[in-house]
Amino acid sequence: MQTHGIKFKDKFGYALGDMGGLLSFSLIAAFLNMFYTDVLGISAGAITVLMIVARVWDAVNDPIWGAFIDSRKPTKHGRFRPYILWASFPLAVGAFLMFFKIPGLSDNQYLIFAYITYIFYGMMYTGVNIPYGSLASVITDDEIERSSLSMWRSIGAGIGGLPAQILLPLVVYSTVVTADGSSAKVLDPTKLSIAVGCLAVLSIIIFLAHFKLTKERVLLPPTQKQSDFNVLQTIKVLIKNKPFLILCGVSMLLICFQMYTQTVYNYLFKNYFEKPGLYSIVTICTYLPMAMFLPIMGKLIKKYGKKEICAVGLGFAAAINVIMYLVGFTAAASNPYIFLGLVFLSGAGQTFLVLEVWALVMDVIDYQEFLSGRREEGTSYSFYSFARKLGQTIAGAGASAILGFIGYDGKLATQPPEVLTKLYDAATLVPAIILVIMFVLTAFCYKLSKKELEKLHNNIEIMRENKEKGI
């Protein structure tokens, strides 16, 4: 079977997979924290505990699911595609329930319901995301085509996140009159539930199209037997895989940055700038640079390498976020359009990593094969996926903890001035610190440069040939 030479259909079909997942996943960053605090009345501290408990369970659930996939024989539809299709249906149900308010429950009952629905959704997202993340490495074995798939996945993710980040902020708020006679925008649970229900149905349709359009081309090496799979041995090799560990750290911080800013920016535009509708422009400012750089990404990768352009971009984004924080000490801090302009520049720096991170994942999985002599994408990606979920937890729990620390009260229609000042600081300083750490890890700790990747792929090719010859 041909292992490369993918067409537009393959790229579009692969992009649909992340588009379907992000339709619901992006809702967590954009609205879940606010839904818990402002609608269900759950305290910031209780939300933090919930996030931690869910990640403790993921530490068990994710590796089990990845190891299960690696231990199964491929079906007629492939090693990964059937699992994506199967899990997409309960994933849609879990997304709807996570944002549904049952009338008349007590505070404790709402908290219990939040535990059940959030953890169930997380399990179903694992069911989809681990096989989906592993899929790219079996669609093609060509490095440039894999970079293309990474970019298309990022496009799919960006489009999948648009409803939560652009459309819903315009429709899920209602205006209420406060006790002092003024008006304020509040999150409307009925409108939110209807919107999430529509997105859940749409996600199923998209996953069906993804299954139809994708094809697994790269088969397991004929010398590799599934009966020889040993998850403990795989984990031992993963611990020695330094590029894998560094990339897990960078990706954890990336998802932490994205979800933290999405969550806190939502509060910022609603309370600090008092323009919740402008929050939708944040996504445009973040992803517009992606569209601008897409036509030249392939040329930049060929000339400079993936690791190199990602490091430069992160350094630039970190500098912009430091400036964003310093603006808070000037009168310009009250101008939302200056803030949005800096968000655009920050997005331009992040674009390189956002577009290429999935290609980097395939590189470190190749390095895992070089160390172990086996293709075990499922287990490898399950640990990578867990690292990203840790970033999600740090963002969710951290955002809740910081909101509690600065004195934010979801039951108040307007926040005190001192809380608003601290809110701006929290929305700018924390992201700047995260980006600085990401830059250091990518530039100085991640060793799979353009030159090293060429050596790696040559060594893998020789290793595979020797195995087939019985050497």
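Worth saying up front: this structure is predicted, and the values here are computed from it rather than measured.

A closer look at the confidence of the model for the chain
Then, in step 1: Mean pLDDT for the chain: 89, with 96% of residues reaching 70 or above.
Then, in step 2: Here strand β2 (residues 183-187) stands out as the element of the chain with the lowest mean pLDDT, 80, in contrast to helix α10 (residues 306-327), whose mean of 97 is the highest.

Some thoughts on the nonpolar core
Looking at soluble globular proteins, one finds that nonpolar side chains tend to be buried together.
Then, in step 1: Of all hydrophobic cores here, the largest spans 134 residues; its most connected members are F31 and Y36.
Then, in step 2: Setting aside its immediate chain neighbours within four residues, F31 contacts F99, A164, L168, P169, V172, Y173, L187, L192 and N266.

Quick look at the pattern of salt bridges
Then, in step 1: Across all of its chains, the model carries twelve salt bridges by this definition.
Then, in step 2: With a closest N to O distance of 3.5 Å, D58 and K389 form a salt bridge. Separated by 331 residues along the polypeptide, D58 in helix α2 (residues 44-71) and K389 in helix α12 (residues 377-406) bring together distant segments of the chain. Of the two residues examined, D58 and K389, each falls in the buried class.

Details of a nonpolar patch on the surface
Then, in step 1: On the surface, a cluster of nonpolar side chains totalling about 570 Å² of accessible area is made up of V322, L326, F329, V436, V440 and F444.
Then, in step 2: Elements supplying a minimum of two residues to the nonpolar patch: α10 and α13 (417-445).
Then, in step 3: Per-element accounting of the nonpolar patch gives the leading share, three residues, to α13.
Then, in step 4: Structurally, F444 can be placed in helix α13.

Digging into the packing of helix α7 (residues 231-240) against α12
Then, in step 1: The interhelical angle for the contact between α7 and α12, taken along N-to-C directions, is 55°, at an axis separation of 10 Å. The pairing of α7 with α12 is recorded here as oblique in orientation. Classified by chirality, the crossing of α12 by α7 is right-handed. Taking contact as the criterion, the partners of V231, T234, I235 and L238 in α7 are, on α12, T379, S380 and F383.

Quick word on the packing of aromatic side chains
Then, in step 1: Using the criterion set out here, one finds 26 aromatic pairs in the structure.
Then, in step 2: Here the aromatic rings of F25 and Y125 are separated by 4.7 Å at their centres, their planes lie at 15°, and the arrangement is stacked. Note that F25 is positioned in helix α1 (residues 8-39) and Y125 in helix α4 (residues 107-139), a separation of 100 residues in sequence.
Then, in step 3: Taking relative accessible area as the criterion, F25 reaches 8% and is therefore assigned buried.
Then, in step 4: On the accessibility criterion, Y125 (8% relative accessible area) is buried.
Then, in step 5: Here the aromatic rings of Y272 and Y424 are separated by 5.3 Å at their centres, their planes lie at 35°, and the arrangement is tilted. Of this pair, Y272 sits in helix α8 (residues 242-272) while Y424 sits in helix α13, placing them 152 residues apart in sequence.
Then, in step 6: Using a relative accessible area of 3% as the deciding quantity, one classes Y424 as buried.
Then, in step 7: Taken together, the ring pairs in this structure connect Y265, F269, Y272, F273, F339 and Y424 into an aromatic cluster.
Then, in step 8: Over the face of the ring belonging to W358 we find R153, whose NZ or CZ atom lies 3.3 Å from the ring centre.

As for empty space enclosed by the protein
Then, in step 1: For the coordinates displayed, the defined rule picks out seven cavities of 30 Å³ or more.
Then, in step 2: In this structure, the largest cavity spans a volume of roughly 300 Å³.
Then, in step 3: If you trace the largest cavity, you find 22 residues lining it, with L22, A157, I255, Q258 and R388 closest to the centre.
Then, in step 4: Only α1, α4, α5 (143-171), α8 and α11 (336-372) provide two or more residues apiece to the lining of the largest cavity.
Then, in step 5: In terms of residue class, the lining of the largest cavity is built from twelve nonpolar, seven polar and three charged.
Then, in step 6: Estimates place the volume of the second largest cavity at around 250 Å³.
Then, in step 7: Among the elements of the structure, α8, α9 (279-304) and α11 are those that each provide at least two residues to the lining of the second largest cavity.

A look at the packing of α1 against helix α6 (residues 189-213)
Then, in step 1: It is the contact of α1 with α6, at a shortest axis distance of 9 Å, that shows an interaxial angle of 160°. Our classification of the angle between α1 and α6 gives roughly antiparallel. Here the hand of the crossing between α1 and α6 comes out left-handed.
Then, in step 2: For the contact of α1 with α6, the residue count by class is 18 nonpolar, six polar and two charged.

Conventions adopted
All chains use their own residue numbering, which begins from 1 and follows the written sequence. It should be noted that, the model being predicted, local features are given only for residues of pLDDT at least 70 and side-chain atom pairs only at 80 or more, the latter also being counted only at that level, while totals for whole chains, interfaces and linings use all residues. As a convention, hydrogens and water are excluded, and side-chain values are obtained from all of the structure's heavy atoms. The predictor's confidence in any single residue is recorded as pLDDT, a number from 0 to 100. Segments assigned H or I by DSSP are reported as helices when at least four residues long, segments assigned E as strands when at least two residues long, and all are numbered from the N terminus. In this description, a nonpolar core means a group of buried Ala, Val, Leu, Ile, Met, Phe, Trp, Tyr and Cys residues linked to one another through side-chain atoms lying within 4.5 Å. The cut-offs for exposure are 20% and 50% of the maximum accessible area for each residue type, with area from a 1.4 Å probe on protein chains only; residues under the lower value are buried, those over the upper are exposed, and the others partly exposed. It only takes one pair of heavy atoms within 4.5 Å for two residues to be counted as in contact. One speaks of a salt bridge when a side-chain nitrogen belonging to Lys or Arg is within 4 Å of a carboxyl oxygen belonging to Asp or Glu. Here, patches come from residues exposed beyond 30% relative accessible area and free of salt bridges, joined within 9 Å for like charges and within 5 Å for nonpolar side chains (Val, Leu, Ile, Met, Phe, Trp, Tyr). Residue burial considers only the protein chains on display, and all accessible areas are found by Shrake-Rupley using a 1.4 Å probe. Where helices are involved, their axes are fitted lines through C-alpha atoms of the stretch in contact, as for all axes, and angles between N-to-C directions lie from 0 to 180°. Roughly parallel covers angles under 35 degrees, roughly antiparallel covers those over 145, roughly perpendicular covers 65 to 115, and oblique covers all other angles. Should the near helix be turned anticlockwise from the far one by less than a right angle, the crossing is left-handed, and should it be turned clockwise, the crossing is right-handed. Here a pair means two rings of Phe, Tyr or Trp (six-membered ring of Trp) with centres within 6.5 Å. Their orientation is stacked below 30 degrees between planes, edge-to-face above 60, and tilted elsewhere. Whether a charge sits over a ring depends on NZ of Lys or CZ of Arg being within 6 Å of the ring centre and within 35 degrees of the ring normal. Using only the protein atoms, space was sampled on a 1 Å grid; points where a 1.4 Å probe fits but cannot get out form cavities, open sets with protein on both sides within 12 Å along at least five of seven lines form pockets, and lining residues are those with an atom within 4 Å of a point. Grid points are joined across faces, edges and corners, and a volume is the space filled by probe spheres set on the points. Under the grouping applied here, Gly and all other residues not named as nonpolar or charged are polar, the nonpolar ones being Ala, Val, Leu, Ile, Met, Phe, Trp, Tyr, Cys and Pro and the charged ones Asp, Glu, Lys and Arg.

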